[in-house]
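Examining the three-dimensional arrangement
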Amino acid sequence: MRPARADRGRSAVSRAHARVGSDARRCAGLARRAARGGRAVTPRGGGRIVLTGLALLPACAPTEAERFFFVDVTDASGLGAFRQVNGDSEKPFIVETVGGGVALFDYDGDGDLDAYLSNGGSLGAPIETNPSDALFANDGNGRFDDASRFAGIDERRWTNGVRTVDLDGDGWLDVFLTNYGRNTFYRNRGDRTFEDVTAALSLGDERWSTGASFFDVDRDGDLDLYVGNYVEFDEPWMLEHRPSTEYRGVKVMKGPRGLPAAPDRFYLNGGDGTMRDESEAFGILDEPERFAFQTVAFDADGDGWLDLFVANDSVANSLWFNREGERFENRAQVSGAAFSMGGKPQAGMGVGLGDYDADGQPDLFLTNFADDYFTVYRGLGGGSFLDRTPALGLGKVTTAKLGWGCGFSDFDNDGHLELFAVNAHVYPQVDRFDLGTVYAQKNQLFRFDGKRFIEPEGRAGPGFSLRKASRGAAVGDIDGDGDLDLLIGNIDGAPTLLRNDSPTGESLRVVLAGSLKSRSTIGSRVTIRCGEERQTRWVVGGESFLSSSEEVLHFGLGTSAVIDELIVVWPDGQSDSFAGLEAGQTVKVVRGRDGVPSRLEN
């Protein structure tokens with residue numbers, strides 16, 4: 001990993017001018033950043049400053065209103081040069097309302113995060129006239145340059161989702177794109193270029209695909225694939241007949257209700273470079289078709305076999321329990337994760353997975369359609385979940401929003417997970433009427449006070465005051481300063497890159513590396529212990545909304561300087577434990593094999 005620097009991305013002087021003085025709310029976070037590249041001194045008369053050699057930066061304690069502070073750095077980063085196109089601005093067809101998946105991943109192995117941005121197109125137009133997706137390479141200073149042409153990225157099929165994965169176990173992250181139209185798999189050659197190997201893998205499904213999760217279903221050491229599909233969209237017929245419906249008395253596009261759902265697909269890895277469609281054999285086709293969006297792979301019932309949760313739009317969610325690698329069984333209703341507390345289906349969009357109450361059980365956070373709340377399902381263990389949304393204070397504050405990308409993240413590094421949701425309506429027509437909602441919406445951040453989730457005073461700074469048509473979201477440490485930043489995919493415009501300038505505590509970042517036999521770490525669970533407090537993270541097969549975040553497990557530590565114990569449980573149940581780790585570093589856990597113990601690298 002590239003070491004953090006206080007001047008990364010711009011000079012310390014310009015950073016100081018931007019964050020000191022009238023912007024005193026950020027001085028504690030700035031002081032911490034500067035301290036990573038400078039040294040702390042105590043002047044006569046008390047107080048504390050950080051000397052960087054270029055600026056003196058005062059440190060201070062943040063108020064509640066200053067606790068979270070995100071800044072829009074999209075244009076300064078170079079990502080503002082990208083424009084996403086998503087059909088007609090009036091959105092007469094449902095295809096034009098979905099998309100915007102993004103990814104943060106290190107495609108070239110240089111230690112910093114690069115960005116993949118998906119694009120759409122225009123219905124009825126030749127595919128070659130659609131704009132392409134784009135791959136932006138990070139130069140190590142937080143500046144991104146379009147590397148698409150050199151990398152061989154020319155994808156014009158109206159991309160919805162971006163899933164990064166090392167499918168062939170060669171140590172380089174590949175890219176799987178779920179599209180309206182044929183899906184695409186780009187294999188990373190390891191020389192900063194990609195090749196389209198979709199046909200060779202037999203992954204070129206022509207259905208409208210959305211979510212995708214790679215995970216080892218049968219525990220044979222390679223990765224299998226579940227693809228969520230959305231609507232059977234007959235484009236010539238739709239363009240000719242232009243069907244519509246009403247939303248609160250306003251004429252809007254039709255769907256997904258009233259249109260046929262597209263069946264999901266499951267592919268078993270043959271271990272020989274091929275993927276075989278085993279949807280029928282694994283029971284996927286036994287269930288009625290549903291309008292799938294985000295998929296998440298994790299061991300829901302703790303039996304050692306990876307299961308799969310699917311957020312479905314307008315109908316009940318699915319929770320596919322893995323029956324020892326031979327079949328799936330949808331147990332969502334029995335588990336408590338199919339419906340809301342009132343027993344009704346919601347309109348699931350995005351999914352986040354985390355442990356908000358630190359009980360060691362995975363909890364789920366779902367964004368939903370407008371006029372309904374975003375849902376928190378608390379994990380009870382054994383594959384059971386309970387809707388705790390109203391009790392957690394998230395009912396009223398989310399009902400007026402329509403959410404997409406989301407997740408659990410510790411943005412202030414205090415050891416407690418926050419929730420975030422990126423929002424926007426699907427109907428531009430709502431802006432013409434007094435309906436109590438708007439098309440472009442503000443995103444939301446909620447902190448946990450031990451009992452409830454609340455929006456912090458200041459609403460997380462100017463970055464969370466923007467109004468966009470947001471969809472996808474990916475989390476990662478863009479500037480290498482030890483806290484988590486946020487990349488948001490917007491339709492019909494540029495993405496949004498929010499730099500986290502919040503005052504933050506210490507952190508530990510954990511990278512897992514599998515053995516040569518099974519390099520994949522999807523399904524692993526990592527727990528750290530500081531005194532009596534524990535935190536748990538999972539490596540899952542996809543999160544948020546049709547997006548991929550960096551493959552690093554991030555733990556906020558507050559003021560803790562030492563991690564007493566780090567425990568890794570690998571997908572097959574093997575566990576490793578390490579003691580006495582120092583805060584403020586990234587460690588790599590390399591799994592042992594053939595009698596060689598696992599080891600730590602940093």
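On a predicted model such as this, the values are computed, not experimentally measured, just so you know. (Residues numbered from 1 in each chain as written. Predicted model: local features only at pLDDT ≥ 70, side-chain atom pairs only at ≥ 80, totals over all residues. Heavy atoms only, no water.)

**A few points about the overall build of the protein chain**
- A count of helical and extended segments in the protein chain gives 8 helices and 43 strands.
- Looking at the protein chain as a whole, 60% of its 602 residues qualify as buried.
- Summed over all atoms, the accessible surface of the protein chain reaches about 22600 Å², with 47% contributed by carbon and sulfur. (Helix = DSSP H or I, 4+ residues; strand = E, 2+ residues; numbered from the N terminus. Buried < 20%, exposed > 50% of the residue type's maximum accessible area, 1.4 Å probe, protein only. Areas by Shrake-Rupley, 256 points an atom, 1.4 Å probe, with all protein chains shown as cover.)

**Some details on the pattern of salt bridges**
- Taken as a whole and judged by the stated rule, the model has 29 salt bridges.
- Here Asp108 and Arg192 are joined by a salt bridge, their closest N and O atoms 3.6 Å apart. Highlighted residues: Asp108 in the loop between strand 5 (102–105) and strand 6 (114–117) and Arg192 in the loop between strand 11 (184–188) and strand 12 (194–196), separated in sequence by 84 residues.
- Taking the relative accessible area as the measure of exposure, Arg192 reaches 41% and is therefore partly exposed.
- In this structure, Asp196 and Arg182 form a salt bridge, with 3.0 Å as the shortest nitrogen-oxygen distance. One end of the pair, Asp196, is in strand 12; the other, Arg182, is in the loop between strand 10 (174–179) and strand 11, with 14 residues separating them in the sequence.
- For Asp196, a relative accessible area of 40% puts it in the partly exposed group.
- Through salt bridges with shared partners, one network takes in Asp168, Arg187, Arg189 and Glu195. (Salt bridge = Lys/Arg side-chain N within 4 Å of Asp/Glu carboxyl O.)

**Digging into the sheet that holds strand 11**
- Read across the open sheet, the 4 strands follow the order 9-10-11-12; overall the sheet is antiparallel. For this open sheet the edge positions go to strand 9 (159–165) and strand 12, each flanked by a neighbour on one side alone. Across this sheet, the average inter-strand angle for adjacent strands is 20°, counted without regard to direction.
- In terms of strand pairing, strand 11 meets strand 12 through 3 bridges, oriented antiparallel. In the sheet register, Arg187 faces strand 12, and the bridge partner there is Glu195. (Pairing = 2+ DSSP bridges. Axes fitted to C-alpha atoms, helices over the stretch in contact; angles between N-to-C directions.)

**Comments concerning the pairing of strand 11**
- Counting buried positions along strand 11 gives 4 out of 5 residues, so the element sits mostly inside the fold.
- Hairpin connection, strand 10 to strand 11: the antiparallel pair is bridged by 4 residues, and Gly181 has positive phi, about 120°.
- Linking strand 11 to strand 12, which pair antiparallel, is a turn of 5 residues; within it Gly190 sits at a positive phi near 90°.

**Concerning the pairing of strand 24 (residues 363–366)**
- Of the two faces of strand 24, the one holding Asp363 and Phe365 and the one holding Leu364 and Leu366 are both buried throughout.
- By the bridge criterion, 4 bridges tie strand 23 (residues 351–354) to strand 24 in an arrangement that is antiparallel. Bridge pairing in strand 24 links Gly354 to Asp363.
- Two elements, strand 24 and strand 25 (residues 375–381), share 3 bridges in a ladder whose sense is antiparallel. What sits directly across from Phe365, in strand 25, is Val376.

**Looking at the sheet that holds strand 30 (residues 444–448)**
- With antiparallel pairing, the 4 strands of this open sheet are ordered in space as 27-28-30-31. Each edge of the open sheet carries a strand with a single partner, namely strand 27 (403–409) and strand 31 (453–454).
- By the bridge criterion, 5 bridges tie strand 27 to strand 28 (residues 418–423) in an arrangement that is antiparallel. From the neighbouring strand, Gly403 faces strand 28, where its bridge partner is Asn423.

**Details of the layout of surface pockets**
- Reported here for the second largest pocket is a volume of approximately 430 Å³.
- Residue lining of the second largest pocket: 25 residues in total, with Asp313, Ser314, Ala347, Phe369 and Tyr427 positioned closest to the centre.
- Broken down by element, the lining of the second largest pocket gets its largest block of residues, 3 residues, from strand 15 (residues 244–247).
- Classifying every residue of the lining of the second largest pocket by side-chain character gives 15 nonpolar, 5 polar and 5 charged. (1 Å grid on protein atoms, 1.4 Å probe; cavity = no way out; pocket = protein on both sides within 12 Å on 5 of 7 lines; lining within 4 Å. Points joined across faces, edges and corners; volume = space filled by probe spheres on them. Nonpolar A, V, L, I, M, F, W, Y, C, P; charged D, E, K, R; others polar.)

**A closer look at the environment of Ala583**
- Residue placement: Ala583 occurs in the loop between strand 41 (575–582) and strand 42 (585–590).
- As a C-alpha pair, Ala583 and Val562 span 21 residues in sequence and 5.5 Å in three-dimensional space.
- Beyond its immediate sequence surroundings of up to four residues, Ala583 is in contact with Glu506, Ser507, Leu557, Ser560, Ala561 and Ile563. (Contact = heavy atoms within 4.5 Å.)

**Regarding the packing of aromatic side chains**
- The tally for this structure, following the rule as stated, stands at 35 aromatic pairs.
- Judged by centre distance (5.7 Å) and plane angle (85°), the ring pair of Phe176 and Phe214 falls under edge-to-face. In this pair, Phe176 sits in strand 10 while Phe214 sits in strand 13 (residues 209–215), placing the two residues 38 residues apart along the sequence. For the pair shown, Phe176 and Phe214 are each scored as buried.
- Note on Tyr180 and Trp208: the rings are 5.7 Å apart at their centroids and 75° apart in plane angle, and the pair reads as edge-to-face. Here the residue Tyr180 occupies a position in the loop between strand 10 and strand 11, and Trp208 occupies one in the loop between helix 5 (198–201) and strand 13, the gap between them amounting to 28 residues. (Phe/Tyr/Trp six-rings, centres within 6.5 Å; stacked < 30°, edge-to-face > 60°.)

**Digging into the environment of Thr164**
- Residue position: Thr164 is located in strand 9.
- C-alpha separation for the pair Thr164 and Ala103, spaced 61 residues apart in sequence, amounts to 7.4 Å.
- Here Thr164 is in contact with Ala103, Phe105, Asp174, Val175, Ser548 and Glu551, once residues within four sequence places are set aside.

**Examining the side chain of Thr74**
- Along the polypeptide, Thr74 turns up in helix 3 (residues 74–77).
- Within the structure, the side chain of Thr74 is placed 2.5 Å from the side chain of Asp72, a separation counted as a polar contact.
- Ignoring anything within four residues of it in the chain, the contact list for Thr74 reads Leu79, Gly80, Pro495, Thr496 and Leu497. (Polar contact = N/O pair within 3.5 Å; in protein donor to acceptor, adjacent residues only side chain to side chain.)

**Looking at unusual backbone geometry**
- Pro256 follows Gly255 through a cis peptide bond whose omega is 0°.
- Mapped onto the fold, Pro256 is located in the loop between strand 16 (250–253) and strand 17 (265–269).
- Backbone geometry places Asn413, a non-glycine residue, at a positive phi of 55°.
- Within the secondary structure, Asn413 is located in the loop between strand 27 and strand 28.
- Non-glycine residue Arg459 carries a positive phi angle of around 55°.
- Structurally, Arg459 is set in the loop between strand 31 and strand 32 (467–468).

**Brief notes about the nonpolar core**
- Counting 50 residues, the largest nonpolar core has Trp208, Phe233, Phe369 and Trp404 as its most contacted members.
- Only strand 16, strand 28, strand 33 (470–476) and strand 34 (485–490) provide two or more residues apiece to this core.
- Ranked by residue count, the leading element in this core is strand 16, at 3 residues.
- Once residues lying within four places of it in the same chain are set aside, the contact partners of Trp404 are Thr97, Phe293, Met349, Gly350, Thr367, Val422, Asn423, Ala424, Val426, Ser470, Arg471 and Phe545.
- Membership of the second largest hydrophobic core comes to 48 residues, among which are Phe176, Leu201, Phe214 and Leu566. (Core = buried A, V, L, I, M, F, W, Y, C linked by side-chain atoms within 4.5 Å.)

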